[in-house]
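A closer look at the structure
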Amino acid sequence: MEPQVTDRPEKSRYEILAGEAGAETAGFAEYHLSEGEIAFIHTEIDSRSAGRGLGGLLARGVLDDARARGLRVLPYCPFIRGWIGKHPEYTDLVPEARRARFGL
């Protein structure tokens, strides 16, 4: 089964599920949601799943969901911030007045 990115609002995080039948949480991106903004604060991929491209899939999934929901993104998490820096098509999600703060 292909890895799936799922929002877990009760945990304030997105999870990427992989493994047999998508039953294993391979990583997560924690967030804080407030007034039309989603602040990503920490991203982690399980060491057993490292090197499989799951971090990039997770980043793309959370940012695509933020776009679909009309949320502005505050990338406090270094991983999400770095991923946006490498994929400038997502820079527009970060409010223009705050991009310099994040080095974008």
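In this text, all values refer to a predicted model and were calculated from it rather than measured experimentally. (Residues numbered from 1 in each chain as written. Predicted model: local features only at pLDDT ≥ 70, side-chain atom pairs only at ≥ 80, totals over all residues. Heavy atoms only, no water.)

This part takes up the overall build of the chain. Tallying secondary structure elements over the chain gives 2 helices and 5 strands in all. Mapped in sequence order, the helices and strands of the chain form the string β-β-β-β-α-β-α. A compact globule built from 104 residues should have a C-alpha radius of gyration of about 13 Å, and the chain, at 13 Å, falls within 12% of that. For the chain, the spread of C-alpha atoms along the principal axes amounts to about 45 × 25 × 20 Å. Counting across all 104 residues of the chain, residues that qualify as buried make up 38%. Of the contacts formed within the chain by residues at least 6 apart in sequence, a portion of 40% connects residues at least 24 apart. (Helix = DSSP H or I, 4+ residues; strand = E, 2+ residues; numbered from the N terminus. Rg over C-alpha atoms; globule rule 2.2 N^0.38 Å. Buried < 20%, exposed > 50% of the residue type's maximum accessible area, 1.4 Å probe, protein only. Contact = heavy atoms within 4.5 Å.)

Right, let's talk about the nonpolar core for a bit. Membership of the largest hydrophobic core comes to 26 residues, with the highest contact counts inside it found for Ile38, Phe40, Val62, Leu63, Val73 and Ile80. Counting only elements with at least two residues in this core, the list comes to strand E2 (13-18), strand E3 (24-34), strand E4 (37-45), helix H1 (54-68), strand E5 (72-75) and helix H2 (78-86). At 6 residues, H1 tops the list of elements feeding residues into this core. Not counting residues up to four positions away in its chain, the partners in contact with Leu63 are Phe40, Val73, Ile80, Trp83, Ile84, Tyr90 and Leu93. (Core = buried A, V, L, I, M, F, W, Y, C linked by side-chain atoms within 4.5 Å.)

What follows covers the packing of aromatic side chains. Taken as a whole and judged by the stated rule, the model has 5 aromatic pairs. Taking the centre distance of 5.3 Å and the plane angle of 50° together, the rings of Tyr14 and Tyr31 count as tilted. A residue pair is termed long-range when its members are at least 10 positions apart, and Tyr14 in strand E2 and Tyr31 in strand E3 qualify at 17 residues. Taken as a pair, Tyr14 and Tyr31 share a single burial class, namely buried. When the ring centre of Phe28 is taken as origin, the NZ or CZ atom of Arg13, which lies over that ring, is 4.3 Å away. (Phe/Tyr/Trp six-rings, centres within 6.5 Å; stacked < 30°, edge-to-face > 60°. Lys NZ or Arg CZ within 6 Å of the ring centre and 35° of its normal.)

The sheet contact formed by strand E1 (residues 4-8) and E2 spans 5 bridges and is antiparallel. Its bridge partner being in E2, Asp7 is matched across the sheet by Tyr14. With antiparallel pairing between neighbouring strands as the criterion, E1 and E2 make up a hairpin whose turn holds 4 residues, including Ser12 at a positive phi of roughly 55°. (Pairing = 2+ DSSP bridges.)

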